[in-house]
There are 2 protein chains.
Amino acid sequence: MDDKEISQAVIGRLPRYFRYLGELKDNGVERISSSDLSILMKVTASQIRQDLNNFGGFGQQGYGYNVNFLYSEIAKILGIDKEHRLIVIGAGNLGQALSNYDNFRKRGFIFKGVFDANPELIGKTIGNLTIQSMDNIGSYIKKNNIDIAVLSIPKAAAKGVSEVLIANGIKAIWNFAHLDIDAPPGVVVENVHLSDSLMKLSYRVNYLKNQEDS
Amino acid sequence: MDDKEISQAVIGRLPRYFRYLGELKDNGVERISSSDLSILMKVTASQIRQDLNNFGGFGQQGYGYNVNFLYSEIAKILGIDKEHRLIVIGAGNLGQALSNYDNFRKRGFIFKGVFDANPELIGKTIGNLTIQSMDNIGSYIKKNNIDIAVLSIPKAAAKGVSEVLIANGIKAIWNFAHLDIDAPPGVVVENVHLSDSLMKLSYRVNYLKNQEDS
C-alpha cells in the first residue's frame, strides 16, 4: 500500500468502519455490498467506496466486500494489528476508568503502568497495576518500550508533564487535559476534550428548544 | 440572532473558541484582534472571521473582538448561559469520573443523579450523589426536570436503556457506550467513542513509524 497522506476526515471515519465490520464479523456475516453497508452505517455507498479507495479499494464488482478481509486490512491501516504499550499519567477517576477499560485491551492497547504525582496515591492499585511515582517515569518509559502516554491530569500540569514524556521518548499522547498540547514534529497528539463534546450537545439541546418555542 | 442552521463543523469549533476566550478573560485580556487570536489558536484569521460571522460577527474593524462580550455571546450560542441538569446511567469508573468532574459543574452542567442496574452498587455514594436503582428512573427524570442523560454503560445495554430514557422525556443523550445510538426526531445524541479516538492515535503512530522506516 502506498504510504501517501490520507485526509484527517477519512482517518476519522476508519474506526467506525472497523467497528461496524467487527459487528458483522461477530454475527457471522462473510460479505457485504457497499449499498448494504451504506444502509447499516447511514452514509452513502459512494462515500464508502471513496473512503476505501484511498487504501486500494478492497471491493470486487458484483461481490461486495469480504468482511473478514476488510476488517483485518483496516486493522492494519489503523496500526492495531500490533500491540501498543501505554502508560496513564494521572490516577484519578478518569485515569482509573481508562486503564481498566476492557475494550482497549481487546484492541491491543495494553496498559503497562499508571503514574501520579500525589504521594497518597502511590502504591495503591488499579486493577492489576500499582500506581507509581512520577520520579522514575523516564527510565520506566525506556525500559518498558512504552509508545503511548495517556494524560488524565489537570490542565495546569499538562504542559510540563508532556514535555517530560516527550524528552523521554514518548511519541504519542492521548490527551484528556483541558488544553491543546503542542507537540514537536515526530510526536502525535490526539486531544479528547470532553467539555467541548458536552458543549456541542448543549448547543444542540438549545437549538432544539428554540425551534420548538418558535 | 437568526436561528438558521449552522454547519456541524462550525459548531464543533465553537467550544474551542470558548475555551481560548475563557483563558484570555482569566488572564485579564480585554480585547484581541482576529490575527492575534489566529496565532494563539493556530487557525487562519479568515476562518475565525467566517466562523463568527455565522452568528452576526462580533468584531469591529480596527478594534478586534471584545473578549468578555464574545465569551458571553458564545456561551449563549452554546446554551451554557443556562444550567443543565444531568443524570448518569452506569456508575462504573467512567460514570464516576464524569459525575465528579469539576469542569462540567463550572460550565453549568449539574449532575443530579447516578443510576445503575447492579444491586451491589445501589446505595453507595459518588461525591455527594447516591447511586440509585434503574427502577424509578422514569419518575425521577420527570420530577427533577432532567435534560441530559449520560450513558456510561456497556454496549449491550445501551439501546434498551436509551429507549427507556427517551420514553421518559430525555431530549439529549451523551453516549459513551461503544455503539451509535439512533434517536428519534426531537432527541439529540452526542457520541463519544473513546476507542475510535485511540485508534486514530494508533493510525498516526503507525504512519509516523512507516515514514521513519522508509
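Keep in mind that this is a model prediction, so the values were computed, not measured. (Residues numbered from 1 in each chain as written. Chains lettered and ligands numbered in written order. Predicted model: local features only at pLDDT ≥ 70, side-chain atom pairs only at ≥ 80, totals over all residues. Heavy atoms only, no water.)

1. Describing the relation of the copies chain A and chain B
Moving on, step 1. With an RMSD of 0.0 Å, chain A superimposes on chain B once it is rotated by 180 degrees and translated 0.0 Å along the axis. Such a combination of turn and shift is consistent with a two-fold rotation axis.
Moving on, step 2. Of the residues that chain A buries at the interface, 100% are likewise interface residues in chain B, meaning the two copies contact each other through the same surface. (Least-squares fit on C-alpha atoms with pLDDT ≥ 70 in both. Contact = heavy atoms within 4.5 Å.)

2. With respect to the sheet that holds strand S7 (residues 148-151) of chain B
Moving on, step 1. Read from one edge to the other, the open sheet built from 7 strands follows the order S5-S6-S4-S3-S7-S8-S9 (chain B), with strand pairing classed as mixed. On the outer flanks of this sheet lie strand S5 (125-126) and strand S9 (188-191) of chain B, each paired with one strand and no other.
Moving on, step 2. Where strand S8 (residues 172-175) of chain B lies against S9(B), 4 bridges are found, and the strand directions are parallel. When the bridges of S9(B) are listed, Ile173(B) appears paired with Val189(B).
Moving on, step 3. Running over the sheet, helix H9 (residues 194-213) of chain A touches strand S3 (84-89), strand S4 (109-116), S7, S8 and S9 of chain B and is turned about 170 degrees from S9(B).
Moving on, step 4. Helix-sheet contacts for helix H8 (residues 155-167) of chain B involve S3, S7 and S8 of chain B, and the interaxial angle to S7(B) is about 170 degrees. (Pairing = 2+ DSSP bridges. Helix = DSSP H or I, 4+ residues; strand = E, 2+ residues; numbered from the N terminus. Axes fitted to C-alpha atoms, helices over the stretch in contact; angles between N-to-C directions.)

3. Structural notes on the packing of aromatic side chains
Two numbers describe a pair of aromatic rings. These are the distance of the centres and the angle of the planes.
Moving on, step 1. This model, assessed by the stated rule, comprises 14 aromatic pairs over all chains.
Moving on, step 2. Here the aromatic rings of Tyr203(A) and Tyr207(A) are separated by 6.1 Å at their centres, their planes lie at 15 degrees, and the arrangement is stacked. Residue Tyr203(A) and its partner Tyr207(A) are located together in helix H9, separated by 4 residues, close to a single helical turn. Considered together, Tyr203(A) and Tyr207(A) belong to a single accessibility category, that of buried residues.
Moving on, step 3. Seen in terms of ring centroids, Trp174(B) and Phe176(B) are 4.8 Å apart; in terms of plane orientation they differ by 70 degrees. Their pairing is edge-to-face. The pair Trp174(B) / Phe176(B) is uniform in exposure class, with both members buried. (Phe/Tyr/Trp six-rings, centres within 6.5 Å; stacked < 30°, edge-to-face > 60°. Buried < 20%, exposed > 50% of the residue type's maximum accessible area, 1.4 Å probe, protein only.)

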